[in-house]
Amino acid sequence: MWAVVFAVLLAAPFIGLYPVFMMKALCFAIFACAFNLLLGYTGLLSFGHAAFMGAAAYATGWLVRSGGWSPELGLLAGIVVGAVLGLMVGLIAIRRQGIYFAMITLAMAQMVYFVCLQAPFTGGEDGLQGVPRGKLFGLVPLANDLTMYFVVLAIFAAVFLAIVRIVHSPYGQVLKAIRENEPRAVSLGYDVDRYKLLAFVLSTAIAGLAGSLKTLVLGFATLSDVHWSLSGEVVLMTLLGGMGTFAGPVIGAFTIIGLQNFLADRVGSWITVIIGAIFVVCVIAFRRGIVGELLAWQQRRRARG
């Protein structure tokens, strides 16, 4: 199945799928996978994850456009910005649980939003425009959409495999134990706060990579990248696809981005209402998400067999 999916992604630009749309969807898929690592495998709900994606997007855009940095250094800087900001927020929020943790992340994200709105180098409401793609390692020009697409696809594949490895590692098993029963994990001698903080920083670093990559693909970073609504969208992507599954966030991201692009010029601002309705239906009708329901159906079928 994974081989078929990867083959389709490789062939996507050649079978009529717009490369820029595919790149944008892959960037949000990376973002959703990062969020799923935190929510699906650690049990921490962040309402401010857009701050890490957006801050990295602005940092990469400014460094590449004004600082003359190469794209690979810009991406690395975005990862570092996401990780450092995540560490700062995590040190404050990680000792809280449930709604208190979520509200602290939301408050911190709003602070980042207003910094991006007021800081002189961000462009204010106009955002950062005209960010060049440059040449990868000084050799591969990324101006061509097809070349850029395969770079984005390679980064997505690397991030996806890295998350799979993290989840299946002993560290990932501890995260699952914390998600299922935190007091029991504490009783077994694990430093739960340290494990959760590392998961939070890993998630924010990958979210920063997603934001940096999106800036290079589209050539701009705007306030919508740090707005609280984007944090809500990534929650929807994860729940719609299937929280705690590997493929779920990817499917959720492609579904939401596809709907936004398909409906944008047809229903206008009503797209927010439609996506909200999808979220309600998802929560009520299939709480496990698309992939989660398919896996549950397979398990029931095997049990009957």
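Predicted model, so just to flag it, every value in this text is computed and none were measured. (Residues numbered from 1 in each chain as written. Predicted model: local features only at pLDDT ≥ 70, side-chain atom pairs only at ≥ 80, totals over all residues. Heavy atoms only, no water.)

**Observations concerning the overall build of the protein chain**
Moving on, step 1. Counting secondary structure elements, the protein chain contains 13 helices and 2 strands.
Moving on, step 2. At 19 Å, the protein chain has a C-alpha radius of gyration in line with the 19 Å of a compact globule built from 305 residues.
Moving on, step 3. Structurally, the protein chain occupies a C-alpha span of about 55 × 45 × 40 Å along its principal axes.
Moving on, step 4. Put simply, the protein chain shows about 14,600 Å² of open surface, and 68% of that area lies on carbon and sulfur atoms.
Moving on, step 5. Separation of charge centres in the protein chain, based on 20 positive and 12 negative side chains, amounts to 11 Å. (Helix = DSSP H or I, 4+ residues; strand = E, 2+ residues; numbered from the N terminus. Rg over C-alpha atoms; globule rule 2.2 N^0.38 Å. Areas by Shrake-Rupley, 256 points an atom, 1.4 Å probe, with all protein chains shown as cover. Lys, Arg positive; Asp, Glu negative; His and termini not counted. Charge placed at Lys NZ, Arg CZ, Asp CG, Glu CD.)

**As for a nonpolar patch on the surface**
Moving on, step 1. Side chains of V4, V8, F14, I15, L17 and L146 sit close together on the surface and give an oily, nonpolar patch of about 550 Å² of accessible area.
Moving on, step 2. Within the element layout of this structure, I15 appears in the loop between α1 (2–11) and α2 (19–42). (Patch = residues over 30% accessible without salt bridge, like charges linked within 9 Å, V, L, I, M, F, W, Y side chains within 5 Å. Salt bridge = Lys/Arg side-chain N within 4 Å of Asp/Glu carboxyl O.)

**A word on the packing of aromatic side chains**
Moving on, step 1. Under the counting rule described, the total for this entry stands at 11 aromatic pairs.
Moving on, step 2. Each ring, one from F52 and one from F200, has its centre 5.7 Å from the other, and the planes form 90°; the classification is edge-to-face. Taken together, the residues span a long stretch of sequence, with F52 in helix α3 (residues 50–65) and F200 in helix α9 (residues 192–218) at a distance of 148 residues.
Moving on, step 3. For F200, a relative accessible area of 0% puts it in the buried group.
Moving on, step 4. Taken together, the ring pairs in this structure connect Y41, F156, F160 and F246 into an aromatic cluster.
Moving on, step 5. Note that R194 overlies the ring of Y195, its terminal NZ or CZ placed 5.4 Å from the centroid. (Phe/Tyr/Trp six-rings, centres within 6.5 Å; stacked < 30°, edge-to-face > 60°. Buried < 20%, exposed > 50% of the residue type's maximum accessible area, 1.4 Å probe, protein only. Lys NZ or Arg CZ within 6 Å of the ring centre and 35° of its normal.)

**Some details on the pattern of salt bridges**
Moving on, step 1. Enumeration according to the criterion identifies 7 salt bridges in this entry.
Moving on, step 2. For R95, the salt bridge is made with D193, and the minimal N-O distance between the two is 3.2 Å. Within this pair, whereas R95 is found in the loop between α4 (71–93) and α5 (98–118), its partner D193 is found in helix α9, the two being separated by 98 residues in sequence.
Moving on, step 3. Between R179 and E180 there is a salt bridge, with the nearest N and O atoms lying 2.9 Å from each other.
Moving on, step 4. Note on E180: relative accessible area 58%, which makes it exposed.

**Details of the side chain of E182**
Moving on, step 1. For E182, the position within the fold is in helix α8 (residues 182–187).
Moving on, step 2. Classification of E182 as buried rests on a relative accessible area of 18%.
Moving on, step 3. Looking at E182, its side chain comes within polar contact range of the side chain of Q97, at 2.9 Å.
Moving on, step 4. Beyond its immediate stretch of four places on either side in the chain, E182 contacts Q97, A177, V192 and K196. (Polar contact = N/O pair within 3.5 Å; in protein donor to acceptor, adjacent residues only side chain to side chain. Contact = heavy atoms within 4.5 Å.)

**As for the side chain of T122**
Moving on, step 1. Of note, T122 is situated in the loop between α5 and β1 (135–136).
Moving on, step 2. Residue classification places T122 among the buried positions, given a relative accessible area of 2%.
Moving on, step 3. Among residues more than four places away in sequence, those in contact with T122 are Y58, C116, G127 and L128.

**Quick notes on helix α13 (residues 289–304)**
Side chains that are three or four residues apart share a direction in an α-helix, a result of its 3.6 residues per turn.
Moving on, step 1. Taking 1.5 Å of rise per residue, 16 residues should cover 22 Å, and α13 covers 22 Å from first to last C-alpha, within 8% of that figure.
Moving on, step 2. Buried within α13 are the following residues: G289, V291, G292 and A296. Taken end-on, α13 shows its buried residues confined to a sector of 135°, consistent with a single buried face. Opposite its buried face, α13 presents the exposed residues L294, R301 and R304, each directed more than 90 degrees away.
Moving on, step 3. In this structure, the buried side of α13 is in contact with α10 (228–241) and α11 (248–267). (Expected span 1.5 Å × (residues − 1). Arc of directions from axis to C-beta.)

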